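What follows is each chain in one-letter form.
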Amino acid sequence: MILLSLAFKDLVSEPKRLLSYILTVGSLIAVAVIPLAVGNAYIQQLMMFIPRQDYHYYLLVNSSANSLSDSIIDYKLLENILNLKNVDYSPQLMRRCNVASGVGSAVTFLRGADLNQLYKFRGVSLRGRIPMNLSEANVGILLAERLNLSVNDHVEVELSGRRHVFRVAGILRCSCPYDEEVLVQLREAWTLIPDLNGKITLVELSGEIDPQRLAYLNIRAIPLQPASQAVTDIVESTFNTVRNWALAICAMVFASSYFASLKMCVDSIDRVAVLRSIGFSKRRIALFLFYKALTASLISILVGISIGIVASQVIFRAASLVLSIEAYQPPTLTLSDLYLVLTVVGILSVTGSVPSIIRVARMRV
Amino acid sequence: MMLLKTIKWRKLTLILSIVSIASAIVAFTASVSLGAFHTMSNLLSTSAGSVMIVYGANARSPQTSVISLAVYNELISTRGVEAVSPEVVSVAVLSNGKPVVVRGVDPRSVEGFIEFKVLDGAFLSGDRYFEAAAGLEASRRLGLKTGDRVLLRSVLTRNYIEIEIVGVYESLTSLDDEILVPVQTAQWLRGLPPNAVSMMRVKIDEELLPRQKLSEALGGEGAGGEVASKASRIISLLFSASTGNIPSRLVIREASESMQEFLGRETKLNEASFWSIAILVFAGSISTIALTPTLFILDHAREISIIKSIGGVRRIQSAVLPIVLVSSFLAGLAGSMMGYLLSKAFSESSLLVVGTYTIKPAMSMIIPLVSAGLTSIVAVVAAKIATDSVKTEAWIG
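**Here's the deal with the overall build of chain A**
Here comes step 1: Across its full length, chain A holds 11 helices and 12 strands.
Here comes step 2: In terms of C-alpha radius of gyration, chain A reaches 36 Å, well past the compact-globule figure of 21 Å for 365 residues.
Here comes step 3: Overall, chain A is about 110 × 45 × 45 Å in size when its C-alpha atoms are taken along their principal axes.
Here comes step 4: Within chain A, buried positions represent 42% of all 365 residues.

**Let's talk about the overall build of chain B**
Here comes step 1: A count of helices and strands for chain B gives 13 helices and 14 strands.
Here comes step 2: A separation threshold of at least 6 residues defines the contact pool for chain B, and within that pool the share at least 24 residues apart is 83%.

**Side note on unusual backbone geometry**
Here comes step 1: Of note in the backbone geometry, Asn218 of chain A takes a positive phi value of approximately 65 degrees without being a glycine.
Here comes step 2: By the secondary structure assignment, Asn218 of chain A is in the loop between helix H7 (211-215) and strand E12 (219-223).
Here comes step 3: Even without being a glycine, Ser350 of chain B presents a positive backbone phi close to 55 degrees.
Here comes step 4: Position of Ser350 of chain B relative to the elements: it lies in the loop between helix H12 (313-348) and strand E13 (353-354).

**Thoughts on the domain arrangement of chain A**
The figure often quoted for interface size is the accessible area lost as the parts come together.
Here comes step 1: For chain A, the assigned domains read domain 1 (2-51 + 229-362) and domain 2 (57-224).
Here comes step 2: Here the C-alpha centre of domain 2 of chain A lies 61 Å away from the C-alpha centre of domain 1 of chain A.

**Examining the pairing of strand E7 (residues 149-154) of chain B**
Residue and element names in this part refer to chain B.
Here comes step 1: Burial analysis of E7 places five of its six residues in the buried class, which makes it a mostly covered element.
Here comes step 2: As paired strands, strand E3 (residues 81-93) and E7 are joined by two bridges and run antiparallel to one another. Pairing of Val93 across the sheet is with Arg153, part of E7.
Here comes step 3: Here E7 runs beside strand E8 (residues 160-170); their pairing, made up of five bridges, is antiparallel.

**Considering the interface of chain A and chain B**
Here comes step 1: Taken residue by residue, the interface counts 49 residues in chain A and 54 residues in chain B.
Here comes step 2: The biggest single contributor to the side of chain A that touches chain B is helix H8 (residues 227-267) of chain A, with 20 residues.

**Focus on the domain arrangement of chain B**
Here comes step 1: According to the domain assignment, chain B consists of domain 1 (2-42 + 270-396) and domain 2 (67-247).
Here comes step 2: Contacts between the two partners involve six residues from domain 1 of chain B, matched on the other side by eight residues from domain 2 of chain B.

**A few points about the nonpolar core**
Here comes step 1: Core analysis: the largest hydrophobic core is formed by 228 residues, its most contacted members being Ile29, Ala32, Val33, Ile249 and Leu289 of chain A together with Ile25 and Val54 of chain B.
Here comes step 2: Element by element, the count of residues in this core is highest for H8 of chain A, at 19 residues.
Here comes step 3: Apart from the residues within four sequence positions on either side, Val33 of chain A is in contact with Gly304, Ile305, Gly308, Ile309, Leu333 and Val341 of chain A.

**Some points on the packing of helix H11 (residues 301-309) of chain B against H12 of chain B**
Residues and elements named next belong to chain B.
Here comes step 1: Interhelical geometry of H11 versus H12 gives an angle of 140 degrees and a closest axis separation of 7 Å. Of the possible angle classes, the one that applies to H11 and H12 is oblique. Across from Ile304, Ile307 and Lys308 in H11, the residues of H12 making contact are Val313, Arg315 and Ile316.

**Examining the packing of H8 of chain A against helix H11 (residues 335-362) of chain A**
Residues and elements named next belong to chain A.
Here comes step 1: Interaxial distance between H8 and H11 falls to 7 Å at its minimum, and their mutual angle equals 30 degrees. Between H8 and H11, the angle is such that the two are roughly parallel. Crossing geometry of H8 relative to H11 is assigned as right-handed. Facing Leu247, Cys250, Val253, Phe254, Ala255, Ser257, Tyr258, Ser261, Leu262 and Cys265 of H8, the residues of H11 in contact are Val344, Val345, Leu348, Ser349, Thr351, Gly352, Ser353, Pro355, Ser356, Ile357 and Val360.

**Notes on the pairing of strand E6 (residues 136-140) of chain A**
Each regular strand displays side chains that alternate between the two surfaces of the sheet.
All names here are of chain A.
Here comes step 1: Across the five residues that make up E6, a large majority, four, are buried.
Here comes step 2: Strand direction decides the pairing type here: E6 and strand E9 (residues 182-185), joined by two bridges, are antiparallel. Each bridged residue has a counterpart across the sheet, and for Asn138 the counterpart in E9 is Leu183.

**Some details on the confidence of the model for chain A**
Here comes step 1: Residues at a pLDDT of 70 or more form 94% of chain A, whose mean pLDDT is 83.
Here comes step 2: No element of chain A has a lower mean pLDDT than helix H2 (residues 15-49) of chain A, at 78, and none a higher one than E9 of chain A, at 95.

**Concerning the environment of Cys176 of chain A**
Here comes step 1: With respect to the helices, strands and loops of the structure, Cys176 of chain A is situated in the loop between strand E8 (162-173) and E9.
Here comes step 2: In the structure, Cys176 of chain A is positioned 34 residues away from Leu142 of chain A in sequence and 10.0 Å away in space, judged by C-alpha atoms.

**As for the environment of Leu333 of chain A**
All names here are of chain A.
Here comes step 1: As for its position among the elements, Leu333 is in the loop between helix H10 (282-323) and H11.
Here comes step 2: What makes Leu333 buried here is the crowd of 21 C-beta atoms within 10 Å.
Here comes step 3: Distance in space between the C-alpha atoms of Leu333 and Ala41 is 8.3 Å, their sequence separation being 292 residues.
Here comes step 4: Beyond its immediate stretch of four places on either side in the chain, Leu333 contacts Val33, Leu36, Ala37, Asn40, Ile309 and Leu338.

Rules and cut-offs
- Residues numbered from 1 in each chain as written.
- Chains lettered and ligands numbered in written order.
- Predicted model: local features only at pLDDT ≥ 70, side-chain atom pairs only at ≥ 80, totals over all residues.
- Helix = DSSP H or I, 4+ residues; strand = E, 2+ residues; numbered from the N terminus.
- Rg over C-alpha atoms; globule rule 2.2 N^0.38 Å.
- Buried ≥ 20, exposed ≤ 12 C-beta atoms within 10 Å, placed from the backbone.
- Contact = placed C-beta atoms within 7 Å.
- Domains from an automatic or database assignment.
- Pairing = 2+ DSSP bridges.
- Core = buried A, V, L, I, M, F, W, Y, C linked by C-beta atoms within 7 Å.
- Axes fitted to C-alpha atoms, helices over the stretch in contact; angles between N-to-C directions.
- Parallel < 35°, antiparallel > 145°, perpendicular 65-115°, else oblique.
- Left-handed = near helix turned anticlockwise from the far one by under 90°.
- pLDDT = per-residue confidence, 0-100.

Encoded structure:
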């Protein structure tokens, strides 16, 4: 306690020198704090622009599936559950297939669905009509153009190793992936692929559901149109860059502390000599110097963070005036960033001072 | 000569190390901040000759614009236009929640502007709706590899699609941070009809068609008539699936000019703003840089005071200051290189990202020279002040 009090008194007795130590370390801390504070303000401002999103559109798939093609859901059970809720949904069975005509062939998807409902759901325009039986299919306009197909032409579809010939009942246009697919009624798809009878690949759903409640059926509800999720991720990843850069600057604090404490120790040589002459051990002298460095570091950190926040506000407000930017959130540090800065800078500045203290404490004075 | 013999050269390492660290931090900041600016302003730049970007005059940026595909017909049939690449820019989210820019291209057209080096698998054929090629940076950041089937959920619409990654490419442009898909796939994700795209890259032969004449060539509606014979199969298909025309007022800019105009207008940022960040870091480091030569001089206080007492002030300055200047300048250069390499390492570890793009650190000769020059000047001034102050301190001591 005596040493601490002595170290403190020694520091404040020479305010000019104390100021130089504080400025050396504090200015670097301020430089690391300014971008963090400004970045926080921007992130808060951007987050305010992002409205809290309520999801109304979902894609239900098998939660164990790695891709849509692997997804298989037992439809009967799900249908019973969905019918109890006030939701619109479209169950679909999708399988990769090879489609051929006299002109050529293409790899695409065969989609089985309740086509009346699906076309209404997606706003599909159809030339011709919806398939009525097992021998008919609808073909997307891009696929039809590619294979030179017209309504009433015949097309060969190879599905799970079997060949099926369909009459093109209608050509659809929806500016969506269906434009390049073959579409049949869901019940016909189950007949075409008997292994998957009563099974579906996915459900497109609109309405409010609780995704957690479907989890026990091994079904994952993926929200569609995840705008806020995307913007949040983009904003945060950009701000993480600022954080990484600020941490790189903090490394400089270590070097800065080393030289500041070295200068402080050199300046204290007279005092060390006095303490030695009255019988202080090397260990106690090292402790005295450490307390001095610790006190100076703590003051530097507080001053550095304060200067950083004040400077960022000044720079920010000046920039707003000069650049005529509309008012943003004033720069500030979040608690987590404050802890991060305090921890990193505290550790670096204290450890940075240790080598010079040991050096001077061992010196013959 | 005598003074040189008395110098404790080991102490000079203090100056060298702190100056190199300070330079490294300043150079790191400069290359990252300027890199961020260049990354944003070169989002549409390529190494191809005279490339212009055609996009909607009312759009905030080329990426957010919507123009008629019919413009393609007009451009491709203009004398002096060598290549046209219609592109659709969309943002999608992967299953893991990570966003990525999905660019719809006609592979045959875009290869006229950008050289794609296929690192794995194959490039887009342009013929299949469900195929995609991932840029090198995007594949690293998002963990994508050839053969993966990826569910892309559009950010702007409730549309989704599962695509198959057919290959990984490197283009040494911002496209390395994106996923390339056929035009029609990106149109679906963006919610655009077949006859609309975001923008078009246009390569012109300036001898036949000066830049200012290109806008005059784009006078008509362009929708009439058959699709140009030069058009690829997929563009022809899109034309055949199109109904009506999208009226668009167009603007034509150079690639970097279009992005810099966007940055200046929407974010009020320009190159000077990013330089000021590096200057701010330098200002914060001044005290530390100044402290080291002071310590070096104080280590020689006794020798300097003796020489001063016999009238050798000039000799001290002519011996010490050049040593401080040269050594700190060299240390500054070495430190700047360290800073640049550090920024490269950060960039390659995907620690430096702006939006969905990896920041490519900028390195021009001016950065190490300015960084080393400024730090060595501070070191010399501090050494000069410390030398002048020795006299008083020494006599008092």
